[in-house]
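If you want the building blocks of each chain, they are given just below.
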There are 2 protein chains.
Amino acid sequence: MKQQETIKATDAELEILNILWTHGPCTVRQVHDLLAQHKDAGYTTTLKQMQVMHEKQLLSREAQGKSHLYTAIPSRHMAQGQIVQRVIDSIFNGSAMQLVMQALGNHKPSQKELDMIEEYLNQKKDDMTTSK
Amino acid sequence: MKQQETIKATDAELEILNILWTHGPCTVRQVHDLLAQHKDAGYTTTLKQMQVMHEKQLLSREAQGKSHLYTAIPSRHMAQGQIVQRVIDSIFNGSAMQLVMQALGNHKPSQKELDMIEEYLNQKKDDMTTSK
DNA sequence: ACGAATGTACGACGAATATCGTAATTGCAA
DNA sequence: TTGCAATTACGATATTCGTCGTACATTCGT
């Protein structure tokens, strides 16, 4: 059911995964052009990177015309979970709450976002009284 | 006012910083012994690492007897902020809230923790109505 | 005062990563 | 069908990171 236990990706690889997660399946050219907007690297660099990621089972690919269409294999949600956990373990001494506070503090949440959390909290509380 | 704009530390370095943050100034031996509890590496490895970190201005040091006492230069809080921001940018598409939700979802907060957040939220709301 | 123990300094090495040049391949348009 | 432009394949190189061996320095107990 799980083709992959843990995701091991470098920062550069994360960037590419993020593009794929956001834009759906892409060719190397598309990914590269997006990357090039805020980063400076040659086309073959991106190509090589994606080839390696394909070997590492981070990307699947399918021929399409003369090029390849690449797709992210790990889900964004799964990767997020793992990375968040790693951050918590490494510098938040294992406390997820501290991370939450940090993120909230940094961010100056908008009213709408505060409402979102509140709603979430209320729902959690309901869960607690209803069951368990 | 700020001796350091951005903190660039590898995972291994983060581990060491975390020890220093938690235990306060330490000698190489102390850090190494703590690391050795859940990791396997030689003493000189830790030493070298901390020397490099000293060059990189991640650690300051002070002679103490025959050894050196090392201290983390960046504050834990600052490092947390930067890392959280980087995570948000790289895989949460810039949305701090998504990270918060992910962390909350992962973690199954306790009642006490929920109260903490709620209190925090109320305070935020007060801020919003009082000032600004 | 001297030798063992404990530290530090320094350089080297392997693996992984990032980057790119160049060659081979492929699809398509004329 | 043939040539060109785009794409892929395949190393080669540079850099960084983690690791450690070994040499040098210092302290302390006796």
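Look above for the structure.
Residues numbered from 1 in each chain as written. Chains lettered and ligands numbered in written order. Predicted model: local features only at pLDDT ≥ 70, side-chain atom pairs only at ≥ 80, totals over all residues. Heavy atoms only, no water.

## Details of the protein's contact with DNA strand C
Okay, so step 1: Taken together, 23 residues lie around DNA strand C, and Gly 42 and Thr 45 of chain A together with Arg 29, Tyr 43 and Gln 51 of chain B are the ones closest in.
Okay, so step 2: Of what DNA strand C places within 4 Å of the protein, 66% of the atoms are sugar or phosphate.
Okay, so step 3: Within the side chain of Tyr 43 of chain B, a nitrogen or oxygen atom sits 2.7 Å from a phosphate oxygen of DNA strand C.
Okay, so step 4: The side chain of Lys 48 of chain B places a nitrogen or oxygen atom 3.1 Å from a base nitrogen of DNA strand C.
Okay, so step 5: Every element with two or more residues in the surface near DNA strand C is listed here: helix H3 (43–55) of chain A together with helix H2 (28–36), helix H3 (43–55) and strand S2 (67–72) of chain B.
Okay, so step 6: The dominant element in the surface near DNA strand C, judged by the number of residues it contributes, is H3 of chain B, at five residues.
Okay, so step 7: Here the surface near DNA strand C is composed, by residue class, of five nonpolar, 10 polar and eight charged. (Near = heavy atom within 4 Å. Polar contact = N/O pair within 3.5 Å; in protein donor to acceptor, adjacent residues only side chain to side chain. Helix = DSSP H or I, 4+ residues; strand = E, 2+ residues; numbered from the N terminus. Nonpolar A, V, L, I, M, F, W, Y, C, P; charged D, E, K, R; others polar.)

## A few points about the protein's contact with DNA strand D
Okay, so step 1: Close to DNA strand D lie 21 residues; Arg 29, Tyr 43 and His 68 of chain A together with Thr 10 and Gly 42 of chain B are nearest.
Okay, so step 2: Protein-proximal atoms of DNA strand D, defined as those within 4 Å of the protein, fall in sugar or phosphate at a share of 64%.
Okay, so step 3: In the model, a phosphate oxygen of DNA strand D is placed 2.7 Å from a nitrogen or oxygen of the Gly 42 of chain B main chain.
Okay, so step 4: At a separation of 3.0 Å, a phosphate oxygen of DNA strand D approaches a polar side-chain atom of Thr 45 of chain B.
Okay, so step 5: Secondary-structure elements contributing two or more residues to the surface near DNA strand D are helix H2 (28–36), H3 and strand S2 (67–72) of chain A together with H3 of chain B.
Okay, so step 6: In the surface near DNA strand D, the residues fall into five nonpolar, nine polar and seven charged.

## Some points on the pattern of salt bridges
Okay, so step 1: Taken as a whole, this structure holds six salt bridges over all chains when the rule is applied.
Okay, so step 2: Here Glu 15 of chain A makes a salt bridge to Lys 39 of chain A, at a shortest N to O gap of 3.9 Å. Residue Glu 15 of chain A is located in helix H1 (residues 11–23), and its partner Lys 39 of chain A is located in the loop between H2 and H3; the two are separated by 24 residues in the primary sequence.
Okay, so step 3: Owing to a relative accessible area of 35%, Lys 39 of chain A belongs among the partly exposed residues under this scheme.
Okay, so step 4: A salt bridge links Asp 33 of chain B to Arg 29 of chain B; its shortest N-O distance comes to 3.8 Å. On the criterion of helical spacing, the pair formed by Asp 33 of chain B and Arg 29 of chain B is a turn pair, its members being four residues apart in helix H2. (Salt bridge = Lys/Arg side-chain N within 4 Å of Asp/Glu carboxyl O. Buried < 20%, exposed > 50% of the residue type's maximum accessible area, 1.4 Å probe, protein only.)

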